[in-house]
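Structural description and commentary
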Amino acid sequence: MRLSGKKILLGVTGSIAAYKSAELTRLLIKEGAEIQVVMTKSAHDFVTPLTLGTLSKKPVFTEFSTPASGTWNNHVELGLWADAMLIAPASANTIAKIAAGYCDNLLLATYLSAKCRVFIAPAMDLDMFAHPTTTQNITRILSFGNCILGPESGELASGLKGAGRMVEPESIVEYLIKALSPDKELQGKKVLVSAGPTREAIDPVRFISNHSSGKMGVALAEEMQWRGAEVTLVMGPSVKAPSNGAIKLIPVVSAADMHAACMKIYADSDIAIMAAAVADFTPGNPADSKMKKTGNNLQIDLIPTTDILASMGNLKKDSQFLVGFALETDNELQNAVSKLERKNLDMIVLNSMKDSGAGFNSDTNKITIIEKNNQTTTPYDLKSKQEVATDIVDHLISCLRKS
Ligand code: CTP
């Protein structure tokens, strides 16, 4: 009963995935949550209010009032009552209306009145999801501080394959359990996370970069936010953006941009985790206009970038906790320990390129954590990047408790 005592508003909109809301309701109730379902009219075409009302043990609301019983379904009270609002499935139409601030049904009025965290699980066909309008709407909704769950890729109701499937009810419930967990060990802590690659311009159209996807840093930023921290994520051009609007995102491009952004935030941070794969070199004289072929070999003068992590290590105050990453191919432990000492870190997370499933662009990682004090070494199994983020944050919290 991991959601015992939690009051959850479940918004259901007109998408074929609404049939999954029945299972979602059942799972939330099984975890001890109190559920109030609010449906749009078009959701009735996909799942009946009777089904969701029976599973949630409460009458479902769709209209602003229920004339038969003379009751007003007070959206303001509903919005204040809830510990969390979950809109699953969220159709393209409802997403657009949320982004624009529309209020033409009970669900939208309740959303606008809600003081709690809001979780939105989009579900639509792939072209609707990929449409720039939807992409912009989702970015806008994230900027309001909401969380977007998914969608996942796979077979869609249309028979097409792609991104647009609603996240499975089991995963939504696990996400909510994490988000609503009372264990907020990092409450009041300001955390800086760096993620992704950097791009070093050769000319206006070409750059040098690496294969980092940003997934590990994003997973860490989200995990730290769930534990109560105030998180700023400085991120190079990555395949994965955070889906948690409570994370302050600072997009950067080059190592110099990342350095400038991180140094501004670091002085006021309690914890910094540098997961970015920062370029070690940058072209010394990037061309102002596109370079033309000459038929000759091209020499590019590469100059070293500033080591952001080492700069932070130099400035580190006793109250600050600094974590670095080391991606190694040989003498892994020895190199990682030397980086830990050289950059004045409290903890270093080692990935070995020799471990399959670890490192860049994969959804999994295999890490070893080395602590500054007595250089305790803890190896972990191959896990998803979300699980690895949980291990890293657990380890970090145990170090903070010891210090
Ligand atoms: N890092 C950084 N700024 C840089 C380079 C690296 O902040 N300009 C950080 C990374 O985010 C990571 C750690 O330093 O946390 C390790 O980076 P890596 O490049 O592997 O270490 P180096 O010290 O550059 O050592 P080497 O290149 O010899 O492996």
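What counts as what
Residues numbered from 1 in each chain as written. Predicted model: local features only at pLDDT ≥ 70, side-chain atom pairs only at ≥ 80, totals over all residues. Heavy atoms only, no water. Pairing = 2+ DSSP bridges. Helix = DSSP H or I, 4+ residues; strand = E, 2+ residues; numbered from the N terminus. Axes fitted to C-alpha atoms, helices over the stretch in contact; angles between N-to-C directions. Near = heavy atom within 4 Å. Polar contact = N/O pair within 3.5 Å; in protein donor to acceptor, adjacent residues only side chain to side chain. Areas by Shrake-Rupley, 256 points an atom, 1.4 Å probe, with all protein chains shown as cover. 1 Å grid on protein atoms, 1.4 Å probe; cavity = no way out; pocket = protein on both sides within 12 Å on 5 of 7 lines; lining within 4 Å. Sits in = over half its atoms within 2 Å of the grid points. Nonpolar A, V, L, I, M, F, W, Y, C, P; charged D, E, K, R; others polar. Buried < 20%, exposed > 50% of the residue type's maximum accessible area, 1.4 Å probe, protein only. Contact = heavy atoms within 4.5 Å. Phe/Tyr/Trp six-rings, centres within 6.5 Å; stacked < 30°, edge-to-face > 60°. Domains from an automatic or database assignment. Salt bridge = Lys/Arg side-chain N within 4 Å of Asp/Glu carboxyl O.

Turning next to the sheet that holds strand β18 (residues 321-328). One open sheet holds the eight strands; their spatial order is β14-β13-β10-β15-β18-β19-β21-β22, and the pairing between them is mixed. Strand pairing shows two members of the sheet lacking a second neighbour, β14 (248-251) and β22 (377-379), which therefore form its edges. The average angle at which neighbouring strand axes cross in this sheet is 15°, direction not considered. Bridge count for strand β10 (residues 190-195) against strand β13 (residues 230-235) is six bridges, and the pairing is parallel. Looking across to β13, one finds that Ala195 is bridged to Met235.

Let us now look at the site of the ligand. Surrounding the ligand, one finds 15 residues, the nearest of these being Met274, Ala276, Phe325, Lys339 and Lys343. In this structure, an oxygen atom belonging to the ligand sits 2.6 Å away from a main-chain N or O atom of Met274. Take Thr306: an N or O atom from its main chain is 3.0 Å from a nitrogen atom of the ligand. The protein chains hide 77% of the 580 Å² of surface that the ligand would expose on its own. With respect to the pocket detection grid, the ligand is positioned in the second largest pocket. Put simply, the parts of the chain that give the shell around the ligand at least two residues each are α11 (308-315), β18 and α12 (332-342). Of the residues contributing to the shell around the ligand, the split by class is seven nonpolar, three polar and five charged.

Further remarks concern helix α5 (residues 106-113). Structural remark: α-helix, 3.6 residues per turn; residues separated by three or four positions point the same way. Among the eight residues that make up α5, seven are buried, leaving the element largely enclosed by the rest of the structure. Here α5 has its buried residues at Leu106, Leu107, Leu108, Ala109, Thr110, Tyr111 and Ser113. Considering only its buried residues, α5 is in contact with β1 (7-12), β2 (34-39), α3 (75-81), β5 (84-90), α4 (92-100) and β6 (117-122). Backbone nitrogen of Leu107 and a side-chain oxygen of the N-cap are separated by 3.1 Å at the start of α5; the cap is Asn105.

Right, let's get into the packing of aromatic side chains. Aromatic ring pairs are reported here in terms of the distance separating the ring centres and the angle at which the planes meet. This structure, assessed with the given rule, holds three aromatic pairs. Note on Phe119 and Tyr175: the rings are 6.4 Å apart at their centroids and 80° apart in plane angle, and the pair reads as edge-to-face. Taken as a pair, Phe119 in strand β6 and Tyr175 in helix α8 (residues 169-179) lie far apart in primary sequence, 56 residues in all. Considered together, Phe119 and Tyr175 belong to a single accessibility category, that of buried residues. Ring geometry for Tyr175 against Trp226: centres 5.2 Å apart, planes inclined by 85°, an arrangement best described as edge-to-face. Taken as a pair, Tyr175 in helix α8 and Trp226 in helix α9 (residues 215-226) lie far apart in primary sequence, 51 residues in all. Through a chain of ring-to-ring contacts, the aromatic side chains of Phe119, Tyr175 and Trp226 assemble into a single cluster.

Once that is clear, we can look at unusual backbone geometry. Here the bond from Ala88 into Pro89 is cis, since omega is 0°, no more than 30 degrees from zero. Following the sequence through the fold, Pro89 ends up in strand β5. Residue Pro151 is reached from Gly150 by a cis peptide bond, and omega for that bond is 5°. Phi angles above zero are rare outside glycine, and Asn331 is one such case at about 40°. Here Asn331 shows up in the loop between β18 and α12. Of note in this structure, Asn344 is not a glycine but carries a positive phi near 55°.

Okay, the pairing of strand β8 (residues 152-155) next. In this structure, β8 lies alongside strand β9 (residues 161-165), joined through four bridges in antiparallel fashion. Note on β9: the bridge partner recorded for Glu152 is Arg165. Linking β8 back to β9 in an antiparallel pair, the connection comprises five residues, with Gly159 at a positive phi of about 95°.

Strands sit in the order β2-β1-β5-β6-β7 across an open sheet of five strands; the sheet is parallel. Either end of the sheet is taken by a strand with one partner, and the two such strands are β2 and β7 (147-148). Note that β5 and β6 share five bridges and pair parallel. Bridging across to β6, Met85 finds its partner in Val118. Sheet contacts for α5: β1, β2, β5 and β6; angle to β5, the most-contacted strand, approximately 145°. Packed onto the sheet, α8 meets β1, β5 and β6 and runs at close to 160° relative to β6.

Under the domain assignment used here, the chain contains domain 1 (7-179) and domain 2 (190-287 + 297-402). Taking only C-alpha atoms into account, the centre of domain 1 sits 35 Å from that of domain 2. Tallying the contact residues gives 10 residues for domain 1 and 10 residues for domain 2. Our count for the domain 1 to domain 2 interface comes out at one salt bridge. Residue Lys178 is joined to Glu223 by a salt bridge in which the shortest nitrogen-to-oxygen separation is 2.9 Å. Counting across the interface, domain 1 meets domain 2 through six residue pairs in polar contact (both at pLDDT 80 or more). Secondary-structure elements contributing two or more residues to the side of domain 1 that touches domain 2 are β6, β7 and α8. Top contributing element to the side of domain 1 that touches domain 2 by residue count: α8, with three residues. A per-class count over the side of domain 1 that touches domain 2 returns six nonpolar, two polar and two charged.

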